[in-house]
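# Working through the structure, step by step
Okay, here's what each chain looks like letter by letter:
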Amino acid sequence: MVDLAEKEMDNPTFRSDTVLSDVHLHCPSKRHLMVRLNAVGQPVFLSYFKLLWSTEDLASGKHVREMTTGREPQCRSGDELCDKDKSNVNKEGEFRSEGVEALLDDDGDLEVVRRPRSASDLQAEDLLRDIVCPVILMKGKEDAFEDEEQECTCSDVVKIEHTMATPLEDVGKQVWRAAFLLADYILFKRDTFRRCSVLELGGGTGITSIIMGTVAKRVYCTDVGEDLLAMCEQNVALNKHLMEPGGGEIKVKELDWLKDEFCTDPEAPYSWSEEEIADLLDHCSVIMAADVFYDDDLTDALFRTLYRITHNLRNSCTVYLALEKRLNFTLRHMDVTCEAYSHFRNTLNDLENLQDGKMKYTVEPIKLDFCQFLVYERIEQL
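Position numbers for residues count from 1 along each chain, tracking the sequence in the order it is written. Selection of residues for local features in this predicted model requires a pLDDT of at least 70, selection of side-chain atom pairs for listing and counting requires 80 or more, and totals for whole chains, interfaces and linings are taken over all residues. Neither water nor hydrogens contribute to the side-chain values; these are computed over all heavy atoms in the structure.

Per an unreviewed UniProt entry, the protein goes by the name Methyltransferase-like protein 22 and belongs to Panurus biarmicus. Under the UniProt heading Subcellular location (unreviewed entry), the entry covering the protein gives this text: "Nucleus". Heading Subunit (unreviewed entry) of the UniProt record for the protein holds this comment: "Interacts with members of the heat shock protein 90 and 70 families; these proteins probably are methylation substrates." UniProt positions are given in the numbering used here, feature names are shortened, and annotations may be inferred rather than shown by experiment.

This is the structure:
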């Protein structure tokens, strides 16, 4: 019995019904408009992601910190008081009572005057995180975004349809931090990617391809699953105005890493034409992927796909990979580990050490000291 128990503990298997991206949790009291249910019944939300730049700012060479200084501090719900509320609170944190009279009801009982909620939340000032109270709105209440639309111009907001919680196989429908990190790097190195032909693997909601589309000539945003690709195509349409000034084009296509060939079936949605395949192989000089390393089998499949595609490219190519190193406690190791990241690093080393006489790969880390152009939490695990 002991041997059996030990054997079963060697490879414990855990299943999670829901995977949740925490990107939207870092926007206190952010409004999320539920626009529809997708084909599998999952709620689809529309979120506005603020860009900390404009074409005028980039042209003048302003640093992001220069662009964000001098703004009036905004009142936050939960952990800060508005100025008008703070004026009614003394140093001891007690609400001033001047001008407040004791009120009695008809029976002579005392009616207690409640102090404002914000004053009772003074103790929350020391919290490290904002209190998050997401507001979910239903379709038909678009006017609820009126305040946000007045504050944001068309050129400084990315509108993305996404889900908030999905099974593991549908995590591409959520927005993940590494996509923001890669988008930051694209905006920081705009001249590097200007007029390039780009392939994104595992594009998900398409936010990184959309940012790339503001500078690149053509972006092939790829993933698998008709429902996901339809969402991605919708996001491209929602942000077409961002790409029009530079003449960028985004094509949403299916690319299954578990298959050796491009999908060319004319009856299949998001399939490739022969002309598009030829264009990709003749002109692609940049490949990118963000937060796609969470399953070892898919990681292996991705690197096989990378090798196959780069082997057939006419020109040399640079691949940009962004990911979040997620730490987990495992019973197998009885310690905090990051097995998905370790497998990624080992596979990357194998690719770099590959000696087949056909291709040579070199790997260089990128320092994360470049500017932040999108509002998100850039944690040290990115």
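Picking up where we left off.
### Considerations on the pattern of salt bridges
What counts as a salt bridge is simple: a side-chain nitrogen of Lys or Arg found within 4 Å of a carboxyl oxygen of Asp or Glu. Counted by the stated rule, this structure contains 15 salt bridges. With a closest N to O distance of 2.8 Å, Lys-50 and Asp-156 form a salt bridge. A residue pair is termed long-range when its members are at least 10 positions apart, and Lys-50 in strand β3 (residues 43-50) and Asp-156 in the loop between α6 (146-151) and β7 (157-162) qualify at 106 residues. Burial here depends on accessible area, computed with a 1.4 Å probe over protein chains only, as a share of the maximum for the residue type. Under 20% is buried, over 50% is exposed, and the range in between is partly exposed. Taking the relative accessible area as the measure of exposure, Lys-50 reaches 23% and is therefore partly exposed. A residue is classified by how much of its surface remains accessible, and Asp-156, at 10% relative accessible area, is buried. Among the salt bridges present, the one from Lys-253 reaches Glu-276, with a minimum N-O distance of 2.9 Å. With a gap of 23 residues between them, Lys-253 in strand β11 (residues 249-254) and Glu-276 in helix α12 (residues 274-283) connect regions that are remote in the sequence. Under the scheme used here, helices are H or I runs from DSSP no shorter than 4 residues and strands are E runs no shorter than 2 residues, and both carry numbers assigned from the N terminus.

### Regarding the packing of aromatic side chains
Ring geometry is summarised as follows: Phe, Tyr and Trp rings, the Trp one being its six-membered ring, pair when their centres sit within 6.5 Å, and such pairs are stacked at plane angles under 30 degrees, edge-to-face over 60 and tilted between the two. Applying the stated criterion across every chain, the model contains 13 aromatic pairs. The interplanar angle of 45 degrees and the centroid separation of 5.7 Å between the aromatic rings of Tyr-185 and Tyr-320 together place this pair among those described as tilted. With Tyr-185 in helix α7 (residues 177-188) and Tyr-320 in strand β13 (residues 318-322), this pair connects stretches of sequence that are 135 residues apart. Here the two residues Tyr-185 and Tyr-320 agree in accessibility, since each one is buried. For the ring pair Tyr-185 and Phe-370, a centre distance of 5.3 Å and an interplane angle of 70 degrees mean the geometry is edge-to-face. One end of the pair, Tyr-185, is in helix α7; the other, Phe-370, is in the segment after α14 (339-352), with 185 residues separating them in the sequence. The exposure class of Phe-370 is buried, given its relative accessible area of 7%. Each member of the aromatic cluster is reached from another via a ring pair, and the members are Tyr-185, Phe-188, Phe-193, Tyr-320 and Phe-370. By definition, being over a ring means that NZ of Lys or CZ of Arg is both within 6 Å of the ring centre and within 35 degrees of the ring normal. Taking NZ or CZ as reference, Arg-308 lies 5.7 Å from the ring centre of Phe-262, over its face.

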